Amino acid sequence: MFPKRFVLKRLLLLVPVLLGVATLVFSILHLSPGDPALTIAGERASQEFVERIRADLGLNDPIWVQYIDFLGKVARFNFGESYVINRNTTVREIMANTLPVTLELALYGQLFGVLFGIPLGVLSAVKQDTLTDHATRVGALAGISVPIFWSGPLLILLFAQVLGVLPTSGRISSVYNVAAIRTTGMVTVDTLIAGEWEMFRSAVKHMFLPSIVIGVYSTALISRMMRSSMLEVVRQDYMRTARAKGQGAKITVLKHGFRNALIPVVTIIGIQFGGLLGGAVLTETVFAIGGIGTLLVEAIRVGDYPIVQGTVLTFALLFTLVNLAVDVTYSYLDPRIQQ
Amino acid sequence: MSSQDDGVSRRTFLGAAGGAAVTVGLAGCSGTDDGSDGSDGGDGSDGSDALLRYGRGSHSSTLDFQNSTSGEVAKVTEQIYDTLINFEPGESTLTDGLASDYSLDGQTASLTLKEGVTFHNGEEFTAQDFVATYRRFVDSEYEYYAGDDYVSAYGPFTLGSWIDDIQVDGDYEMTIQLTQTYAPFLRNLAMFAAAVHSEAAIEEFGTDLSENAVGTGPFELDTLDDTNEQIRLTAYDDYWGDGPQVDEVVFVTVGENSTRAQSLASGELDVIDGIGAQSSQQVSNADGVELVRTDGINVGYMAFNITAVEEFQDRRVRQAISHAIDTEAIVEQIYSGFATEASQPLPPNVLGHNDDIDPYEYDPERAQSLLEEAGYGDGFSFELATFQNPRGYNPSPIQTAETVSSNLGEVGIDVEINQQSFSPFLEYTAQGRHDACFLGWYTDNADPDNFAYVLLHPQVDEGELSDGQDWVSFDAEGYNTSNRASWANQEYMDLVEEAQRTTAESDRAALYNEAMRIAHDEAPWVYLDYAEELRGVADRVSGFQIAAISGPYLNLVSLE
Amino acid sequence: MSTETLRTGEAETESRGLADRVRASPFLSQLLSNRLALAGLTIIVAMVVIAIYARLSLDLDLISQSQLGTNPNRAAPSSVYPFGTDGQARALLPRVAYGAWYAMLFGTVTVGTSTVLGVGLGIVAAYYGDVTDNVIMRTMDVLLAFPSLLLALALVSIFPDELGLWRAVAALTLVYTPRFARVVRGAALTVLENEYVDATAALGATDPRVLVRHVLPNCLAPITVQSTLNFGLAIIDLAALSFLGFGASAGTPSWGLMLSNGVSQGLLTGVWWWSFFPGLFLALTVLGFNLLGDGMRDALDPRMREAVD
């Protein structure tokens, strides 16, 4: 019963939406104050030099020419070359370089969230309205209320400076040449694959705090979702089954309820992963790990428009696809929604 | 109910226990206290490679000195490449580079190059390599020209505008014909942008030289790691000069000053730069590391946009404002003493600095009377444009702006602060849209022309100037936008032009002395400070020579 | 509870006093019996009081400008300076208090504006359906797909630096509008299923009247809940933008900016109080809104609850 028509309809709708996003990104960047030619040329350039660059970038062309050119390039995943941060290197390459960093963080955050969030959520639901439940709920709320850029630095202060047991920043000790054994770009994975145990330990030590910080946030979110989802399902099922079979069916109901409650949570995890990628921006900044988030912030700061365009557009595509996948999964699992 | 509960709690317990185990395991790993991994950069004494870890504030993703004007790029290329002429480490005097002999006579520069120098790819260095490098930078007809979108503004600035022709005699003799007599030329050859590529590498890599490096320098490229923002170099054993004495160098990027200083203090780094007033405290207070300082070759100032603001067109107003601002307090309190008060555009360690000129004294009363004389006793208002992020010559721009504002408020002048981030700020002021602005300049070649001509000469045709007017619009044809004051003082311009064409040092000095006197008296800028250079160096590092220009000289460094 | 019972209940209670009305409204009474929600409300009220007090009694110029020479620089918390002083010798207590004002003010503007815009879009989409619905909601979907911070970052660069924190407000308003639009549309659809509205339309009532008088009031509950939850998010995002340097201009006593300074200049030199206090207040305020919002959501009709994010 795969909802083919539904999927096709949504895929078709994808096209105007992405076109809209591309147009939005193009307009944002052309509305921004700032002259890329001056930025690239730098302080030592003569006016003549600046003009040369401006012509070279096609900035003197009429705006609609630039727009069509932009759309054409973007359709082929060509985001151009960086203006400032890594001149004469394609944005695609730059993003490929930095993505693994963010991915690693998000992955660990997600892992934490699933490992701790699901059990906590179940516990909270099962012990509803008891002290445990209240404590967990407040804890989870605190977890999503505490800003990463407050807790992170304080943790660094505590563990790196006061206690001196963890490193101050970075992904791995600079003593190791981790680029030489690169496979995925994620330090913990690469060092593991290469069997370099000392390097692996270094990577783990460095990624420990950032992972915890993002993990706490993810745990809080997932435990809340798990709890409410579980309560919803159990309440319905329990009522029905209890009436039909009598009180002794509670255990079966809870087990059955758990499985059902997991469905929306699993799909939410998919969407939340995207949110984690975004939340990584702050974690990256705080722990001085250069990922896509830091790249975007830096690009905006210096006016490196191709990078801003590329990053924003890629995220848009990614999340739209994730949304679609989630909707499809949901509709596949719950036939009611297909109507 | 109970078994379900146990199930849940067991799961939760295991999860928590697992977490605890991980924590304990990691705590056990740290061994020594300092947060490093127990294996800090080896020092070579036990047979392991001596690794020098240099920490800086931002990554440089290009290895090609012709591709960027950034100082971050320079730090790395200085280790991999050589220039024909060098700066003496820690000084601003010139010494041999790839040229063993060099001289400048009128419009001709003659150089004799060293023999027996090899590139990292084994090729012998000859004059042809320099010619190929030069043509790649500025000659669009050259087969291997890097392209308009690739070459940096240093192309014309350093070489292109001054070189007419290069003649090569054999492999080691070179004569360069200049477009005019240009006294700073030999110093330009010492700039990082004038380094030498291997002709073979140019032909092989083209624009991929931004990721591959083949130089004659003490270190060769091992890895350019953009993901982790690190650059690793290994020692080049056939280096023609001193050292290298360490086996490996890694440039590490740590964005925040305080984090970088902490990493130095905890033993994760060996040398750091980019130290501000706050982080300097961290370095001074920490054990096992030292704060090293020296005079910089730079100037920080506030420029009056004379064309734009009528009040600024009266010299007395500019002088009044110079007297009204307490630069001593700024330097002592805001810059924490890591700078000295400025009195003129040239810093003290540059040829032509006029030692007889003192900074404007803080004297609000004199300021008030000057204003009254000029007819502005009731005051007026103007906008001060500033950038937000700290720059070496102005480590606390907002605070400095606030001090200026409150100082001038005392004499009835109302200052409105317009703060922007650096890129938009540069654009805004390059277009002359400011009333007044903060800015500064770090020298490219320690030559007076680099300050006096580049920053205060309008460089427009005679026809654009008006008689009796000491200013010219930013919109004038060919206007030099680096002159943020729009100042056009004929006497000053004549002196500086002549000094540019005078090669005899003492004559040049005299010309600049006079020019500085004019610049001080006419006050197109409020002269704020000359900032010091600061580095943090771990005790295990020896031989580190702090330098205000060029460097770091990592070939001189050893680890114990 | 269905729309009918709610309205009947309201009609009956109109003539009674406030306390009776509260008791009679299932939503409010359930909300107030929720201790966590009450705790949240208390925190929020406390912050609002601090905010207003700070705004009325403190001189913004005085606490923004450098006090070097007047106060001790980088002083640790003491009885004279309970929160210590920062790198420009400014006392932190009044700055943190004023930060509450900024948080409340800018939070209100952001959430208020995005609520109005979102409600408008959501109701229009729900009522007119079909193409209008699809176009509006697909656009909203795309905007929603971005993590709020990333989209805000991209948008904030359009606005000139001089606007300071207002840049962040403008960007975040655009970012949050879709959330409201989606929630309101969901709630409005539920309401529109009710035959009563169709009957009114059949009787010839014009579109706006139907929308305003019948659909809107019944969406109020989820709108309120969403606003409350978003308020916490808004405050954190505003702080985050200031932290990254895209919000408040230097010197402004904004929590995010104080955290940024505290982290980059203070933390590792040992002056933990620069970032500790602003962050503490920030976390507490957000917690308050989240507690209240959570409680409100619990008190909601389950069908409405699904619509809320």
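Residues numbered from 1 in each chain as written. Chains lettered and ligands numbered in written order. Predicted model: local features only at pLDDT ≥ 70, side-chain atom pairs only at ≥ 80, totals over all residues.

### What to know about the overall build of chain B
Then comes step 1: Each helix and strand counted, chain B has 16 helices and 20 strands in total.
Then comes step 2: In terms of overall dimensions, chain B is globule-like: its C-alpha atoms have a radius of gyration of 27 Å, near the 24 Å expected for 560 residues.
Then comes step 3: The principal-axis extents of the C-alpha atoms in chain B amount to approximately 90 × 75 × 40 Å.
Then comes step 4: Excluding contacts between residues fewer than 6 apart, the proportion of contacts in chain B whose partners are at least 24 apart in sequence is 69%. (Helix = DSSP H or I, 4+ residues; strand = E, 2+ residues; numbered from the N terminus. Rg over C-alpha atoms; globule rule 2.2 N^0.38 Å. Contact = placed C-beta atoms within 7 Å.)

### Quick word on the interface of chain A and chain B
Interface size, as often reported, equals the accessible area lost upon joining of the parts.
Then comes step 1: On the chain B side, the residues contacting the 61 residues of chain A number 61 residues.
Then comes step 2: Here the element with the most residues in the side of chain A that touches chain B is helix 5 (residues 91–126) of chain A; it accounts for eleven residues.
Then comes step 3: Taken together, the residues of the side of chain A that touches chain B sort by class into 29 nonpolar, 21 polar and eleven charged. (Nonpolar A, V, L, I, M, F, W, Y, C, P; charged D, E, K, R; others polar.)

### Topic: the interface of chain A and chain C
Then comes step 1: Chain A puts 42 residues into the contact, and the matching count from chain C is 38 residues.
Then comes step 2: Taken together, the residues of the side of chain A that touches chain C sort by class into 28 nonpolar, twelve polar and two charged.

### Looking at the domain arrangement of chain B
All names here are of chain B.
Then comes step 1: Entries for chain B in the domain assignment read domain 1 (13–270 + 540–559) and domain 2 (298–530).
Then comes step 2: Computed over C-alpha atoms, the centres of domain 1 and domain 2 are 34 Å apart.
Then comes step 3: Counting from both sides, the interface comprises twelve residues of domain 1 and, opposite them, 13 residues of domain 2.
Then comes step 4: Partitioned by chemical class, the residues of the side of domain 1 that touches domain 2 number seven nonpolar, four polar and one charged. (Domains from an automatic or database assignment.)

### Looking at helix 15 (residues 490–500) of chain B
Residues and elements named next belong to chain B.
Then comes step 1: Among the residues of helix 15, those classed as buried are Tyr 492, Met 493, Leu 495, Val 496, Ala 499 and Gln 500. Viewed end-on, helix 15 has its buried residues packed into an arc of 165°, placing them on one side of the element. Opposite the buried face of helix 15, at more than 90 degrees from it, the exposed residues are Glu 491 and Asp 494.
Then comes step 2: Each element contacted by the buried residues of helix 15 is listed here: helix 14 (449–456) and helix 16 (505–522). (Buried ≥ 20, exposed ≤ 12 C-beta atoms within 10 Å, placed from the backbone. Arc of directions from axis to C-beta.)

### Here's the deal with the nonpolar core
Then comes step 1: Core analysis: the biggest nonpolar cluster contains 353 residues, and B:Tyr301, B:Ala515, C:Ala152, C:Leu153, C:Val184 and C:Ala188 have the highest contact counts within it.
Then comes step 2: Of the residues forming this core, the biggest block, 18 residues, is contributed by helix 9 (residues 197–245) of chain A.
Then comes step 3: If sequence neighbours within four positions are ignored, B:Ala515 has contacts with B:Ala452, B:Tyr492, B:Leu495, B:Val496 and B:Ala499. (Core = buried A, V, L, I, M, F, W, Y, C linked by C-beta atoms within 7 Å.)

### Description of helix 6 (residues 131–145) of chain A
Then comes step 1: For helix 6 of chain A, which comprises 15 residues, the first-to-last C-alpha distance of 21 Å matches the rise-based estimate of 21 Å (1.5 Å per residue) to within 8%.
Then comes step 2: Listed in full, the buried residues belonging to helix 6 of chain A are A:Thr136, A:Arg137, A:Ala140, A:Leu141, A:Gly143, A:Ile144 and A:Ser145. (Expected span 1.5 Å × (residues − 1).)

### Points about the domain arrangement of chain A
All names here are of chain A.
Then comes step 1: The domain boundaries assigned to chain A delineate domain 1 (4–75) and domain 2 (95–338).
Then comes step 2: Taken together, the 14 residues of domain 1 in the interface contact 15 residues of domain 2.
Then comes step 3: Breaking the side of domain 1 that touches domain 2 down by element, the ones donating at least two residues are helix 1 (4–31) and helix 2 (36–41).
Then comes step 4: With ten residues, helix 1 is the largest single contributor of residues to the side of domain 1 that touches domain 2.
Then comes step 5: Looking at the side of domain 1 that touches domain 2 residue by residue, the class counts come to eleven nonpolar, two polar and one charged.

### Quick notes on unusual backbone geometry
Residue and element names in this part refer to chain B.
Then comes step 1: Of the consecutive residues Gly 243 and Pro 244, the connecting peptide bond is found in the cis state with omega at 0°.
Then comes step 2: Inspection of the secondary structure puts Pro 244 in the loop between strand 9 (230–235) and strand 10 (248–253).
Then comes step 3: The omega angle of the peptide bond from Gly 551 to Pro 552 is 0°, so this bond is cis rather than trans.
Then comes step 4: Its identity as a non-glycine residue notwithstanding, Gln 459 has a phi of 60°, on the positive side.
Then comes step 5: Position of Gln 459 among the secondary structure elements: in the loop between helix 14 and helix 15.

### A short note on the packing of helix 4 (residues 35–57) of chain C against helix 13 (residues 273–298) of chain C
All names here are of chain C.
Then comes step 1: One can describe the packing of helix 4 onto helix 13 by two numbers: an axis separation of 7 Å at closest approach and a directional angle of 140°. Classified by the angle their axes make, helix 4 and helix 13 are oblique. In terms of crossing hand, the pair formed by helix 4 and helix 13 is left-handed. Residues Leu 36, Ala 37, Ala 39, Gly 40, Leu 41, Ile 43, Ile 44 and Met 47 of helix 4 lie in contact with helix 13, whose contacting residues are Leu 284, Thr 285, Leu 287, Gly 288, Phe 289, Asn 290, Leu 291, Leu 292, Asp 294, Gly 295 and Met 296.
Then comes step 2: Broken down by class, the residue content of the contact of helix 4 with helix 13 amounts to 13 nonpolar, five polar and one charged. (Axes fitted to C-alpha atoms, helices over the stretch in contact; angles between N-to-C directions. Parallel < 35°, antiparallel > 145°, perpendicular 65-115°, else oblique. Left-handed = near helix turned anticlockwise from the far one by under 90°.)

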